[in-house]
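Spelled out, the chains give:
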Amino acid sequence: MAPQDRIAQVNKHLNYPGGVLAGQVAIITGAGQGIGAEAARLFANEGAKVIVADIDATKANGVADAINAAEAGRALAVVGDVLDANYINDLVKRAAEFGGGKIHIIVNNAGFTWDAVVHKMTDKQWETMLAVHNTAPFRLVRAAAPYFRVKDKEPRVIINISSTSGIHGNAGQTNYSVAKAGVVGLTKTIAKEWGPAFGVRSNTIAFGYVTTRLTGAKEAGAFITQPDGTKVALGIPGKQLDAKKGSDAKAAEAAAYPDIPLRRPASPEEAARSILGVASPWFSYVNGETIRVTGGRNM
Ligand SMILES: NC(=O)c1ccc[n+]([C@@H]2O[C@H](COP(=O)([O-])OP(=O)(O)OC[C@H]3O[C@@H](n4cnc5c(N)ncnc54)[C@H](O)[C@@H]3O)[C@@H](O)[C@H]2O)c1
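We now turn to the structure provided with this report. Just so we're clear, the structure is a prediction, and the values are computed from it rather than from any experiment.

Moving on: the overall build of the chain. Within the chain, the regular secondary structure consists of 10 helices and 9 strands. Here the chain has a C-alpha radius of gyration of 19 Å; the compact-globule value for 299 residues is 19 Å, and the two agree. When the 299 residues of the chain are sorted by exposure, 46% land in the buried category. Once local pairs closer than 6 in sequence are excluded, the contacts in the chain between residues at least 24 apart make up 69%. A total of about 14300 Å² of accessible surface is found on the chain, and carbon and sulfur atoms cover 55% of it. Treating the 33 positive side-chain charges of the chain as one cloud and the 26 negative ones as another, the clouds have centres 4 Å apart.

Okay, structure coming up:
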C-alpha cells in the first residue's frame, strides 16, 4: 500500500476525514527542495495550507505549483532570503493573508552547511551559520507571535530543524554545530514562554543522515549564493555514491553505513514524515523535546 493510502486509511479510522492538519496554516522555510519540500507536500496532503518559503524562486514555485495542481489553493510560494529581516516580516504577513488571518505551524527548516576546521574557519562562515540557523528562526517566530499568542483553542506548533552535529559536535562544523545546538535552546524557551497561556508546542527535530544535496557529493556542484554574491559549495568532498544495482547495491549501502543501525540514510520524505508526525495531533503532548531522527545512529 502506498504511504498516502495508508495515511488516508489511518485518518479515517481516527476520524480525521480532511487530514490530520485540516484547516491549519503552515509556514515551511527551505521548502523549495529536500526535506522541506517533502514536508510541504505531506502537510498539504493532510489538509494544511502551506507557505513554501525559499530563496530559490524556481524551486519554491515548482513545489507550490505541484501541490496546487493536485488541489488548487493549497500552497503559496513566498520567495526570499531568511537572512533578510524585511523578507521575514513579509513572509508572516503573506502567510496570514493566505491563511485567512491564522498561522498554526512554523517549520524552521531553511539551512545549509559551510564547513572548515576550527583553525581555518572565517568569521563570515561562523556568523553566517548563526544567522541562518538561529537569528532567522528567532525573527520568524517573533514576527509570527501575534498568530501564536492567541486563545482560539486551535493547535499551534513550532518545529525547529536541528542536526546530530548540534548534539554530538562534528569535526569541520564548529559553526554549524554551535548553531544547531542553539536551536535546542530556542525551542525550549518558546515552549516555556508560549506553552502556559497559549498551549503552543515547540519541538526540535535533529536529523542524522538524510539524502539531500547537503549530503551528496560536493563534486556534483551544488552551491548556495550569499547576499554578497559569495558562492558556498554544498555537499561532502570525495563522497561518491555507489552505482551498483539490485542486491549488490543493498549490500554496498549496508557496508557504507556501519554506524547506522538501520544501515541506510533517510530519504527526504522519510525525514519529512517525522516533521508531519510532530505537527500532528498524535504528538499533542510532546513539547520542548529534541527528537532525534537518525536510524539509531549515535545511540
Ligand atoms: N540532509 C541532512 O542529512 C541533514 C541532517 C541534519 C540536519 N539537516 C537540516 O535539515 C534542513 C533542510 O536541509 P536539506 O538537507 O533538506 O537541504 P536542501 O539543501 O535540500 O534544502 C534546503 C533548502 O533551504 C533553502 N535555503 C537555504 N538557505 C536559505 C536562506 N537563507 N533563505 C531561504 N531559503 C534558504 C535552500 O534554497 C534549499 O531549498 C537544514 O536546516 C539542514 O541543516 C539536514
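With respect to spatial proximity, 27 residues lie near the ligand, and among them Asp54, Asn109, Tyr176, Thr212 and Arg213 are the closest. Between the ligand and Asn109, the relevant distance is 2.8 Å, taken from an oxygen atom to a main-chain nitrogen or oxygen of the residue. At the level of elements, helix H2 (34-45), strand E5 (157-163) and helix H8 (174-198) are the ones that each hand at least two residues to the shell around the ligand. Counting residues per element, the shell around the ligand draws most heavily on E5, at 3 residues. Classifying every residue of the shell around the ligand gives 12 nonpolar, 11 polar and 4 charged.

For E5, the buried fraction is high: 7 of the 7 residues fall into the buried class. Pairing of strand E4 (residues 105-108) with E5, which is carried by 4 bridges, proceeds in the parallel orientation. From the neighbouring strand, Val107 faces E5, where its bridge partner is Ile159. Pairing of E5 with strand E6 (residues 201-207), which is carried by 7 bridges, proceeds in the parallel orientation.

In this section: the nonpolar core. The nonpolar side chains of soluble globular proteins are, as a tendency, buried together. Of all hydrophobic cores here, the largest spans 36 residues; its most connected members are Phe43, Val52, Ile159 and Ile275. In terms of residue count, H2 provides more of this core than any other element does, 7 residues in total. Other than its neighbours up to four places away in sequence, Phe43 contacts Leu21, Ala26, Ile28, Ala48, Val50, Ile105, Val107, Ile275, Leu276 and Ala279. Counting residues in each nonpolar core, the second largest holds 29 residues, with Val78, Tyr87, Ala96 and Leu140 among its members.

On to the sheet that holds E6. Strand pairing within a sheet occurs via backbone hydrogen bonds; the two strands may be parallel or antiparallel. Judged by pairing direction, the sheet is parallel, and its 7 strands sit side by side in the order E3-E2-E1-E4-E5-E6-E9 without closing on themselves. Each edge of the open sheet carries a strand with a single partner, namely strand E3 (75-79) and strand E9 (290-293). If you compare each strand with its neighbour and ignore which way they point, the axes differ by 20° on average. With 5 bridges joining them, strand E1 (residues 25-29) and strand E2 (residues 49-54) adopt parallel strand pairing. In the sheet register, Val25 faces E2, and the bridge partner there is Lys49. On the sheet, helix H5 (residues 123-143) packs against E1, E4 and E5 and is oriented at approximately 170° with respect to E4. In this fold helix H10 (residues 268-279) packs onto E4, E5, E6 and E9, with an angle of close to 165° to the strand it touches most, E6.

Cut-offs applied
- Residues numbered from 1 in each chain as written.
- Predicted model: local features only at pLDDT ≥ 70, side-chain atom pairs only at ≥ 80, totals over all residues.
- Heavy atoms only, no water.
- Helix = DSSP H or I, 4+ residues; strand = E, 2+ residues; numbered from the N terminus.
- Rg over C-alpha atoms; globule rule 2.2 N^0.38 Å.
- Buried < 20%, exposed > 50% of the residue type's maximum accessible area, 1.4 Å probe, protein only.
- Contact = heavy atoms within 4.5 Å.
- Areas by Shrake-Rupley, 256 points an atom, 1.4 Å probe, with all protein chains shown as cover.
- Lys, Arg positive; Asp, Glu negative; His and termini not counted.
- Charge placed at Lys NZ, Arg CZ, Asp CG, Glu CD.
- Near = heavy atom within 4 Å.
- Polar contact = N/O pair within 3.5 Å; in protein donor to acceptor, adjacent residues only side chain to side chain.
- Nonpolar A, V, L, I, M, F, W, Y, C, P; charged D, E, K, R; others polar.
- Pairing = 2+ DSSP bridges.
- Core = buried A, V, L, I, M, F, W, Y, C linked by side-chain atoms within 4.5 Å.
- Axes fitted to C-alpha atoms, helices over the stretch in contact; angles between N-to-C directions.

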